[in-house]
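Structural features, examined
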Amino acid sequence: MSIELEKALDRVLEGDCVETLKALPAGCADLVFADPPYNMQLKGELRRPDNSKVDAVDDAWDQFESFQAYDKFTREWLAGVRHVLKDNGTLWVIGSYHNIFRVGVALQDMGFWVLNDVVWRKSNPMPNFKGKRFTNAHETMIWASKNPNAKYTFNYEAMKAMNDDLQMRSDWTLPICSGHERIKNADGEKAHSTQKPESLLHRVIVSSSKPGDVILDPFFGSGTTGAVARRLGRHFIGLERDKEYASIARQRIAAIEPAPDECVEVTRSKRAEPRIPFGWVVERGLLPPGTILHGQQKRHKAKVRADGTLVCADATGSIHQIGAHVQGAEACNGWTFWQYEHKGKLIPIDVLRQQLRASIS
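As recorded in an unreviewed UniProt entry, the chain goes by the name Methyltransferase, listed as coming from Rhizomicrobium palustre. UniProt, in the comment section headed Sequence similarities (unreviewed entry), describes the chain in these words: "Belongs to the N(4)/N(6)-methyltransferase family." Reading the Catalytic activity (unreviewed entry) entry of the UniProt record for the chain gives the comment "a 2'-deoxyadenosine in DNA + S-adenosyl-L-methionine = an N(6)-methyl-2'-deoxyadenosine in DNA + S-adenosyl-L-homocysteine + H(+)".

Structure representation (structure tokens):
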């Protein structure tokens, strides 16, 4: 059996994830987010101090007869992920202490290269009712590429912007899925016992994919990955063996309104932006020859020449060379040093570079 990409894109495919992964085209996914069964090994009922029963994860799909059976299943679906993942794609796997270490060994054995382990610190975790262990207040995600040399996507500047211009760390504090976000079934009960919050998938997808990319989730559940992917202008492929979950996911995703194209673009690194020579600013009339540029607080000045160079009292050269010369410095970023006067205000010439970049884009 084989499945054409056109028939899988933006759809929920019902069936066994291992077999479906094999049937999909090789290299069809830019990003895989996997939320596999945790094999939580729960023994008996879990009750609160008032003796009320806790709605714990005791679903049949989370139960395996042994660690060996779980390991076999893990390696089978990871092999399928290697098949569908592009060479420069990445894999995210989420788990708890019950399973994440076993998954980590398997993916390393199979040639995946670990980029980060990210701790999702839950701001509102379920308390430990028995009082015999620490409260389980986090889950762990492994972010991995197919090999050590993969040129994977990481939107560093976007993550920094999301974190108030500070580097995004590998510990993320986010709430668990609750309230209006929690999908309910016809009886008003939780439709899925391990529904992940959309905020978690938002950060994963924005950090490591681009608009138009294909996001594949082999354990689709209630469709959080697909819902966030659709909202952020990505395609999705969802694999789910439970017909009820698949139906819930389809209805949920159909109700999502995608954000406008210009709103799903992310802040790119300076290296990824197109190079704009200062001469382009001059030839397009944004700064005509003869325009006087000023250094900070007008301590220095130079004139723009027709070829995109500057001339000062005793030297000529590029915006960077003359910026360094007038300051007696070894180097200078002329784009941020030089300013032009407009309506009585000094404006960095870098503003004009950004205008040209926007027109090119």
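**Side note on the overall build of the chain**
When you go through the chain residue by residue, the secondary structure sums to 13 helices and 14 strands. Against the 2.2 N^0.38 benchmark of 21 Å for 361 residues, the chain shows a C-alpha radius of gyration of 27 Å, more extended than a compact globule. Expressed as lengths along the three principal axes of its C-alpha atoms, the size of the chain is roughly 85 × 50 × 40 Å. The buried share of the chain, reckoned over its 361 residues, is 44%. Contacts spanning at least 24 positions in sequence make up 66% of the contacts within the chain whose residues lie at least 6 apart.

**So, the pattern of salt bridges**
Throughout the structure, instances matching the rule amount to 16 salt bridges. For Asp87, the salt bridge identified is with Lys146, shortest N-O distance 3.5 Å. With Asp87 in strand β3 (residues 85-95) and Lys146 in the loop between β5 (138-145) and α5 (156-162), this pair connects stretches of sequence that are 59 residues apart. Exposure remark for Asp87: the relative accessible area of 54% places this residue in the exposed category. Overlapping salt bridges bring together Glu14, Lys243 and Arg250 as one network.

**Quick word on the packing of aromatic side chains**
Aromatic rings in a pair are described by how distant their centres are and how their planes are angled relative to each other. Applying the stated rule across the entire model yields 10 aromatic pairs. Measuring from centroid to centroid gives 5.5 Å for Trp143 and Tyr152, while their planes differ by 85°, and the two rings are edge-to-face. The exposure class of Tyr152 is partly exposed, given its relative accessible area of 33%. Taken together, the ring pairs connect Trp92, Trp143, Tyr152, Phe154, Tyr156 and Trp172 into an aromatic cluster. Above the ring of Trp172, the side-chain terminus of Arg203 is found at 5.0 Å from the ring centroid.

**Overview of the nonpolar core**
Core analysis: the biggest nonpolar cluster contains 33 residues, and Leu24, Trp77, Leu91, Leu216 and Ile237 have the highest contact counts within it. Of all the secondary structure elements, the ones that give two or more residues to this core are α2 (17-23), β2 (29-34), α3 (67-84), β3, α4 (100-109), β5, β7 (214-217) and β8 (235-240). Excluding residues that lie within four positions of it along the chain, Leu216 makes contacts with Leu21, Leu24, Ala29, Leu31, Val32, Phe33, Val84, Ile237 and Leu239. Judged by nonpolar contacts, the second largest core, of 31 residues, contains Trp120, Ala158, Leu232 and Ile256.

**Description of the pairing of β2**
In terms of burial, β2 is a largely internal element, six of the six residues being buried. Summarising the sheet, β2 and β3 pair through five bridges and their orientation is parallel. From the neighbouring strand, Leu31 faces β3, where its bridge partner is Thr90. Bridging between β2 and β7 involves two bridges; their strand directions are parallel. Considered in β7, the bridge of Leu31 is made with Ile215.

Thresholds, definitions, all that
Residues numbered from 1 in each chain as written. Predicted model: local features only at pLDDT ≥ 70, side-chain atom pairs only at ≥ 80, totals over all residues. Heavy atoms only, no water. UniProt positions renumbered as here; feature names shortened; annotations may be inferred. Helix = DSSP H or I, 4+ residues; strand = E, 2+ residues; numbered from the N terminus. Rg over C-alpha atoms; globule rule 2.2 N^0.38 Å. Buried < 20%, exposed > 50% of the residue type's maximum accessible area, 1.4 Å probe, protein only. Contact = heavy atoms within 4.5 Å. Salt bridge = Lys/Arg side-chain N within 4 Å of Asp/Glu carboxyl O. Phe/Tyr/Trp six-rings, centres within 6.5 Å; stacked < 30°, edge-to-face > 60°. Lys NZ or Arg CZ within 6 Å of the ring centre and 35° of its normal. Core = buried A, V, L, I, M, F, W, Y, C linked by side-chain atoms within 4.5 Å. Pairing = 2+ DSSP bridges.

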